[in-house]
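Fold and geometry: a report
The residues making up each chain are set out below.
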Amino acid sequence: MAGDNPMGRDIRVALNKALQGVEGIPKLTPDQMPRLLGGVYGLGSRDFRPEHTIGAYEYAIGRSARKDGKRASDGASFIVLGIDHPYEVKSDDTPSLLPDKAIAVRFHSVGGWGAITTGKNLGAIIGDLNDLLYDRDKVVDEFGNPKEIIHVSANPKYGSEKKGAPTSYFMIAAPERIRVNCDLRHVNVVLCCDPKAFTHTNPLDGMSQGGSLVWESDEEGEAAWERLPLWARKQIIDKKIRVFTLPGFKIAREATDRGDLQLRMQGNAFLGAFFSVSPMLQDFGITPEQFRDAVHKQYVKKFGKLGDAVVASNMEVMTKGFELVREINIGEMEAADRSTLRGKALLPIVMPESIAASEGCGTGCRTIPPPPDQPARSPLTRVKEFDAMFRAKLGYNQPANAYAALGIMAAGSGDTASKYVARRETPLYIPENCTQCMECIAVCPDTALPNCSQDLDTILHTAVSNYVSDSSERQKMLKLLPEITQQTRERMRDAVAKNDKTPAQTFIREVTHAVNGFSPEAKEEFFSVIDKVPMAFHKANAIFATPEKKNPGSGGIFSIFVSDLCKGCAACVTACGEIPRPRRSATC
């Protein structure tokens, strides 16, 4: 940050020349010399908001203090506006400054999903609707020129490396000139194309009383309400926000079988939903037929060179978005909280003492203290330093510091960065097809496919020891595990010989029921874990078939897992060749 800005320097020079009595400049006496307060604002034009202007005035007249507690009366003459900084000043008064009857909309999406393009299309469509209104009403200004009936201001907000990262888009439509150009904090409509937005940001920030939230979800009613976190429910209830859900991705999937288009066309569904939930069409007396005609003309202009089928599919998605958006009833604050959008964690019921002593494995070696003789590491190599700044859930509002200014982050932090927020699909591992070629693991750019081979007895013993809660039942099962393991191996060998694709879990379940002597509860706890462990043996010859031929009982189980580091790029699916590995929704 500069110590002063060019305008401030020029004013300071002019005043000092006046104090010195330079010819041509009115002379000032020392008691007439004004005090100058200077500062800097924003790291970008839209970081500077009306409350910052008011804050600067309140600081100058002594009504408020900087963030560090110092006031102008203390001699502090330098302030910062629009940045989280010790010298920042900001007023508690946050005026809207939007024109009367303005409709302010904000998109929340992920880079690469087409929301920015959708926002541009939305602005262009509203421009076409303005032309429609002129042709209909012939409204002119004082000079006889066509009058702008709907004024539009729109701008995106994202970084240069935006793919896979959260993005925002702001747009205002108003019946008169719009005089603000900053992030919106007074919003009528929020189009939340990101189904996981509530896990990493606050889509309700700055929403007006009675505003409308349209959220990407194929759930409705009570199920959709349970997906909202408690803090969001409180804001929705307090501000009387109307909540709508829209299955945008489902609509896009039905319109095209191309995975990339299914992501980018989702925004068209939200474009239709905007006109469905906002009062714009009603306020300007635009019929649904006129609206659809304007959208079609814009899509022909945008996609016409790609063919009529592309225009038709985009229109189909937009129309369904207009028709299928559903308002949900506001439920109870105490309703079940399923807002993480994750499945239930498969945590051990019984924790071995060796793990309990270290408070669990956590993220691996980070839970183990460094050796006594290891020297202290620099801050840049500490994950804790990275966590404190870049994972503080501040989004674009990061505090100003040397690391952020230079784009520096802690080394080796990628191995703990979950990609589940940005991904839509993850690869589905099919053990019966796996040949243990390892090609998928080699091409994975995120090392997101941890894999291992282990003895069948180890898997069964771990499942019983850690997940069967009743100690007496646990002991019964442990005593009979050798028999269960032996019979299961025999069935697995027969399956390989007959080219039978029956999963290993089926054999384990059948043998366990045959051996029996356990309670239904114990068996269900055991099966609930076994069913989730990928077990490849049919075609993993180097791990199972070959060792079994040489030495019966020595064959192992091969497993590939999909970790949270997976961003759903499908490189592994492509590398798998002729063996199909379909992808599935990451929110299952």
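Residues numbered from 1 in each chain as written. Predicted model: local features only at pLDDT ≥ 70, side-chain atom pairs only at ≥ 80, totals over all residues. Heavy atoms only, no water.

Turning our eyes to something else, we now look at the overall build of the protein. Each helix and strand in the protein was counted, giving 21 helices and 13 strands. Per-residue burial for the protein yields a buried fraction of 40% across its 588 residues. Intrachain contacts of the protein at a sequence separation of at least 6 include 72% that bridge at least 24 residues. Element-wise, carbon and sulfur atoms account for 54% of the exposed surface of the protein, whose accessible area totals about 30,900 Å². (Helix = DSSP H or I, 4+ residues; strand = E, 2+ residues; numbered from the N terminus. Buried < 20%, exposed > 50% of the residue type's maximum accessible area, 1.4 Å probe, protein only. Contact = heavy atoms within 4.5 Å. Areas by Shrake-Rupley, 256 points an atom, 1.4 Å probe, with all protein chains shown as cover.)

This next bit is on empty space enclosed by the protein. On inspection of all chains with the given rule, the structure shows 4 cavities of 30 Å³ or more. Along the walls of the largest cavity sit 14 residues, with C444, C566, C569, A570 and C572 positioned nearest its centre. In this model, the second largest cavity occupies a volume close to 60 Å³. Every residue lining the second largest cavity is listed: R49, S96, L98, V180, C182, D183, L184, R185 and H186. (1 Å grid on protein atoms, 1.4 Å probe; cavity = no way out; pocket = protein on both sides within 12 Å on 5 of 7 lines; lining within 4 Å. Points joined across faces, edges and corners; volume = space filled by probe spheres on them.)

Turning our eyes to something else, we now look at unusual backbone geometry. Phi is positive for Q436, close to 60°, though the residue is something other than glycine. With respect to the helices and strands, the residue Q436 is situated in the loop between strand 10 (425-427) and helix 15 (439-443). Of note, the phi angle at M438 is positive, near 70°, even though the residue is not glycine. Take M438: it is sitting in the loop between strand 10 and helix 15. Among the residues examined, M438 registers a relative accessible area of 30% and is labelled partly exposed.

Okay, the environment of Q486 next. Inspection of the secondary structure puts Q486 in helix 17 (residues 471-497). Taking relative accessible area as the criterion, Q486 reaches 46% and is therefore assigned partly exposed. With 29 residues separating them in the primary sequence, Q486 and D457 have C-alpha atoms 9.1 Å apart.

Moving on to the packing of aromatic side chains. Tallying each qualifying case throughout the model produces 12 aromatic pairs. When the centroid spacing of 5.9 Å and the interplanar angle of 85° are considered together, the rings of F107 and Y169 count as edge-to-face. Within this pair, whereas F107 is found in strand 3 (residues 103-110), its partner Y169 is found in strand 5 (residues 166-174), the two being separated by 62 residues in sequence. When the ring of F275 is compared with that of F291, the centres are 4.5 Å apart and the planes differ by 45°; the resulting orientation is tilted. Here F275, found in helix 8 (residues 266-277), pairs with F291, found in helix 10 (residues 288-303); they are 16 residues apart in sequence, far enough to count as distant. (Phe/Tyr/Trp six-rings, centres within 6.5 Å; stacked < 30°, edge-to-face > 60°.)

Turning to helix 2 (residues 50-60), a few remarks are in order. Inspection of helix 2 places P50, E51, H52, G55, E58 and Y59 among the buried residues, and these make up the whole buried set. Here the buried face of helix 2 lies against strand 2 (78-81).

What follows covers the pairing of strand 7 (residues 207-216). Burial runs high along strand 7: 7 of the 10 residues are buried. Here 5 bridges tie strand 6 (residues 187-192) to strand 7, and the two strands are oriented parallel to one another. In the strand pairing of strand 7, V187 is matched with M207. In this sheet, strand 8 (residues 242-246) lies alongside strand 7 in parallel orientation, the contact comprising 5 bridges. Residue pairing across strands places S212 opposite R242, the latter belonging to strand 8. (Pairing = 2+ DSSP bridges.)

Helix-helix packing is characterised by the crossing angle of the two axes and by the distance between the axes. With their axes 8 Å apart at the nearest point, helix 6 (residues 248-255) and helix 8 run at an angle of 120° to one another. Our classification of the angle between helix 6 and helix 8 gives oblique. Of the two possible hands of crossing, helix 6 and helix 8 adopt the one that is right-handed. Here G248, F249, I251 and A252 of helix 6 come into contact with helix 8, specifically with Q266, A269 and F270. Of the residues contributing to the contact of helix 6 with helix 8, the split by class is 5 nonpolar, 2 polar and no charged. (Axes fitted to C-alpha atoms, helices over the stretch in contact; angles between N-to-C directions. Parallel < 35°, antiparallel > 145°, perpendicular 65-115°, else oblique. Left-handed = near helix turned anticlockwise from the far one by under 90°. Nonpolar A, V, L, I, M, F, W, Y, C, P; charged D, E, K, R; others polar.)

With that settled, consider the environment of A514. One can find A514 in helix 18 (residues 504-515). Its relative accessible area of 53% is what places A514 among the exposed residues. Once the C-alpha coordinates of A514 and I484 are considered, the two residues, 30 residues apart in sequence, prove to be 9.0 Å apart.

Quick look at the state of the cysteines now. Applying the stated criterion across every chain, the model contains 0 disulfides. No disulfide involves C437; its sulfur sits 6.0 Å from that of C440, the nearest cysteine. Looking at C444, it has no disulfide partner, and the nearest cysteine sulfur is the one in C569, 6.3 Å off. For C444, a relative accessible area of 15% corresponds to the buried category. (Disulfide = S-S within 2.5 Å.)

The full count for this structure, using the stated rule, is 23 salt bridges. A salt bridge links R63 to E58, with the nearest nitrogen and oxygen atoms 3.9 Å apart. Take E58: its relative accessible area is 13%, and that puts it in the buried class. Sharing partners across several salt bridges, the network here consists of E219, E226, R227 and R338. (Salt bridge = Lys/Arg side-chain N within 4 Å of Asp/Glu carboxyl O.)

Once that is clear, we can look at the nonpolar core. Here is a general trend for soluble globular proteins: nonpolar side chains tend to be buried in one another's company. Counting 46 residues, the largest nonpolar core has L122, V214, F274 and F275 as its most contacted members. With residues up to four places along the chain from it excluded, the contact list for V214 reads V190, L191, C192, F244, L246, F270, A273, V277 and V325. (Core = buried A, V, L, I, M, F, W, Y, C linked by side-chain atoms within 4.5 Å.)

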